[in-house]
Amino acid sequence: MNIFFRGVLLLAAAALVGESLEFIVNMVLARELGELGLGHYMSIFPTVILIIIIASLELPISISKFVAEKEEKQHYSMLKHATKMTILLTVAMIVLALVILPFIPVFNSYHPLVRWLMVILIPLISLTSIARGFFMGKQQMGKLAFSNFFRKLAQLILLTGIYQLFSFDNETAILIALATFVGSELVVFVYLFTAYLIQFKRMQTQNNEHLTSNEVTRSLMAVTIPTTGLRLFHAVTNAIQPFLIKYALSLAGFSGVAATEEFGLLAGVALSIGFFPAFIAHSLLVVLIPTVSEATAKKDVEKLKSLLIRVMGITALYGFPAVAIFLMFSEKLTLMFFHSQSAATYLELLWPSFLFTFFLIPLQAYLIGLGLITTAFVQSVWSTTLSFVLMYMLGSQPSLGMHGIIIGMNAGSVLLMLLHYFSVCKAIGINTWLSARNNYQD
């Protein structure tokens with residue numbers, strides 16, 4: 001348990017610095033791109049995340065679970081086969097991207113070089129995923145913490161440096177913003193993959209157990225396929241969401257430019273501020289997956305129960321004060337970006353989405369560690385369906401507009417958190433008030 005909390009504290013501390021840098025990055029983007037440019041940037045970014053998820057194949061999760069659950073003598077053989085498999089899949093994805101990306105209409109409104117940036121991103125993410133999964137499973141959180149910090153620092157330095165030295169039109173400025181993001185991923189790749197290769201070479205000299213390629217592939221794919229499906233679903237829906245929001249607003253009477261600007265305020269200002277404390281939730285997620293996986297493999301029910309109680313307590317400890325600050329100082333916070341009453345109002349109205357997401361993220365890690373990935377996927381489908389239906393129906397009403405969109409977003413977050421929470425409680429034999437029961441589901 002001490003290792004768990006040390007890992008969380010280390011990741012959270014580094015993430016706090018990283019998120020602070022991300023906050024500054026968003027301020028730079030808001031200043032340089034303007035409301036319309038920021039709206040376009042935030043509209044394309046979910047598609048970038050979708051490509052990252054496809055490229056990663058969720059190897060960080062599947063490899064970390066393998067490393068946490070299996071004996072150390074099996075790690076070298078697994079990593080050897082996983083690396084070969086990843087290289088082959090990366091080559092296939094690059095070829096596929098070169099064929100498909102020219103025909104994806106979402107890129108038509110952006111600089112032609114944006115497509116090539118996405119191709120470059122694929123091998124960086126794929127190979128970094130192996131290293132990330134290994135260090136997660138070994139609970140060497142320091143390397144992950146530093147890599148997250150390096151990413152944000154590199155992006156900020158590149159972004160501010162280039163914007164200070166040159167002037168760009170809006171289309172090129174968005175290209176530069178995406179290019180600096182890819183550059184930051186290159187920095188992470190160099191750091192993490194170098195550290196991984198050093199440890200991989202050390203393992204060659206140990207007494208290792210040989211595993212066949214089929215064994216490793218089956219073991220990794222059993223986690224990778226459903227987890228990738230879950231992440232892909234989230235990524236696809238997040239990529240669709242900006243266009244759904246802008247379409248619903250157009251039905252409510254907003255012009256195309258106004259709808260894009262309103263989405264820019266929502267995603268670039270309100271959501272950026274509101275989800276700032278989520279770095280703690282993501283730190284919990286990274287440490288929880290291998291910890292819960294190991295406890296599940298050992299059938300350590302008491303550890304699973306006590307861990308859930310502590311994780312919920314930690315989340316409440318920062319989640320409720322954070323939401324209170326958003327409600328009391330919304331206008332002062334949003335003035336850091338734009339002098340906009342709308343953005344402040346959005347920040348206030350979105351508090352249920354922020355709070356329940358803080359709880360949702362570690363609960364999803366719990367479900368993955370327990371092997372209930374399918375459950376997480378089905379529940380995500382239900383909550384997203386409800387959210388999208390409400391966003392369309394209410395957001396398209398002239399009397400509601402953006403307020404209707406926010407109602408739909410809040411409803412989806414609340415429903416998904418409650419579904420995940422009840423599922424975890426049932427699986428580990430603890431009631432909804434976090435009191436122990438004796439019906440752990442193996």
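Bear in mind the structure is a predicted one, so any value in this text is a computation, not a measurement.

Participant: Give a description of the overall build of the chain that names residues and reports values.
Facilitator: Check the secondary structure of the chain and you find 15 helices and zero strands. Whereas a compact globule of 442 residues would reach a radius of gyration of roughly 22 Å, the chain reaches 22 Å, a difference of no more than 12%. With respect to the three principal axes, the spread of C-alpha positions in the chain is 65 × 50 × 35 Å. For the chain, with 442 residues in total, the buried portion stands at 56%. Intrachain contacts of the chain at a sequence separation of at least 6 include 81% that bridge at least 24 residues. Just so you have it, the chain exposes about 18700 Å², and 67% of that area is on carbon and sulfur atoms.

Participant: A description of unusual backbone geometry should follow, citing residues and the corresponding values.
Facilitator: Located in the positive-phi region is Glu58, a residue other than glycine, with phi close to 55°. Even without being glycine, Gln139 reaches a positive phi, approximately 55°. Along the polypeptide, Gln139 turns up in the loop between helix 4 (113-137) and helix 5 (141-165).

Participant: Can you lay out the nonpolar core for me, pointing to particular residues and giving the numbers?
Facilitator: Counting 146 residues, the largest nonpolar core has Met78, Leu266 and Tyr366 as its most contacted members. For this core, the element with the most residues is helix 1 (residues 2-56), which contributes 22 residues.

Participant: Any details on the packing of aromatic side chains? Residues and values, ideally.
Facilitator: Here the distance between the centres and the angle between the planes together describe a pair of aromatic rings. Within the structure shown, the criterion is met by 21 aromatic pairs. A ring pair is formed by Phe189 and Phe193, whose centres lie 5.4 Å apart and whose planes are at 20°; its orientation type is stacked. One end of the pair, Phe189, and the other, Phe193, are both in helix 6 (residues 170-203), four residues apart, so they sit about a helical turn from each other. Exposure remark for Phe193: the relative accessible area of 14% places this residue in the buried category. Taken together, a centroid distance of 6.3 Å and an interplanar angle of 65° make the contact between Phe320 and Phe359 edge-to-face.

Participant: Residues and numbers for the packing of helix 7 (residues 213-251) against helix 8 (residues 256-274), please.
Facilitator: Across the interface, helix 7 lies against helix 8 with an axial gap of 9 Å and an inter-helix angle of 130°. In terms of their interaxial angle, helix 7 and helix 8 are classed as oblique. For helix 7 against helix 8, the interelement crossing comes out right-handed. Here Pro242, Ile245, Lys246 and Leu249 of helix 7 lie close against helix 8, whose contacting residues are Ala259, Thr260, Glu262, Phe263 and Leu266. Grouping the amino acids of the contact of helix 7 with helix 8 by side-chain chemistry returns six nonpolar, one polar and two charged.

Participant: Break down the environment of Ala13 for me, with residues and values.
Facilitator: With respect to the helices and strands, the residue Ala13 is situated in helix 1. The partly exposed category is assigned to Ala13, whose relative accessible area is 42%. On a C-alpha basis, the gap between Ala13 and Phe358 in space is 17 Å, while along the polypeptide they are 345 residues apart.

Participant: I'd like a rundown of the pattern of salt bridges, residues and numbers included.
Facilitator: This structure, assessed with the given rule, holds eight salt bridges. Across the pair Lys73 and Glu209 runs a salt bridge, and its minimum N-O distance is 3.9 Å. Here Glu209 lies in the loop between helix 6 and helix 7 and Lys73 lies in the loop between helix 2 (59-69) and helix 3 (75-100), a separation of 136 residues in the sequence. Overall, Lys73 belongs to the partly exposed group, its relative accessible area being 37%.

Participant: Please provide a residue-by-residue account of the layout of surface pockets, values included.
Facilitator: If you add up the space inside the largest pocket, you get close to 260 Å³. Lining the largest pocket, in full, are Thr47, Leu50, Ile51, Ile54, Ala55, Met93, Leu96, Ala97, Ile100, Leu101, Ile104 and Ile122. Of all the elements in the fold, those that place two or more residues in the lining of the largest pocket are helix 1 and helix 3. Considering every element that reaches the lining of the largest pocket, the biggest residue donor is helix 1, with five residues.

Participant: Describe the environment of Trp116, naming the residues involved and giving the relevant values.
Facilitator: When you line up the elements, Trp116 lands in helix 4. Along the chain, Trp116 and Val67 lie 49 residues apart, while their C-alpha atoms are 34 Å from each other.

Reading guide: rules and limits
Residues numbered from 1 in each chain as written. Predicted model: local features only at pLDDT ≥ 70, side-chain atom pairs only at ≥ 80, totals over all residues. Heavy atoms only, no water. Helix = DSSP H or I, 4+ residues; strand = E, 2+ residues; numbered from the N terminus. Rg over C-alpha atoms; globule rule 2.2 N^0.38 Å. Buried < 20%, exposed > 50% of the residue type's maximum accessible area, 1.4 Å probe, protein only. Contact = heavy atoms within 4.5 Å. Areas by Shrake-Rupley, 256 points an atom, 1.4 Å probe, with all protein chains shown as cover. Core = buried A, V, L, I, M, F, W, Y, C linked by side-chain atoms within 4.5 Å. Phe/Tyr/Trp six-rings, centres within 6.5 Å; stacked < 30°, edge-to-face > 60°. Axes fitted to C-alpha atoms, helices over the stretch in contact; angles between N-to-C directions. Parallel < 35°, antiparallel > 145°, perpendicular 65-115°, else oblique. Left-handed = near helix turned anticlockwise from the far one by under 90°. Nonpolar A, V, L, I, M, F, W, Y, C, P; charged D, E, K, R; others polar. Salt bridge = Lys/Arg side-chain N within 4 Å of Asp/Glu carboxyl O. 1 Å grid on protein atoms, 1.4 Å probe; cavity = no way out; pocket = protein on both sides within 12 Å on 5 of 7 lines; lining within 4 Å. Points joined across faces, edges and corners; volume = space filled by probe spheres on them.

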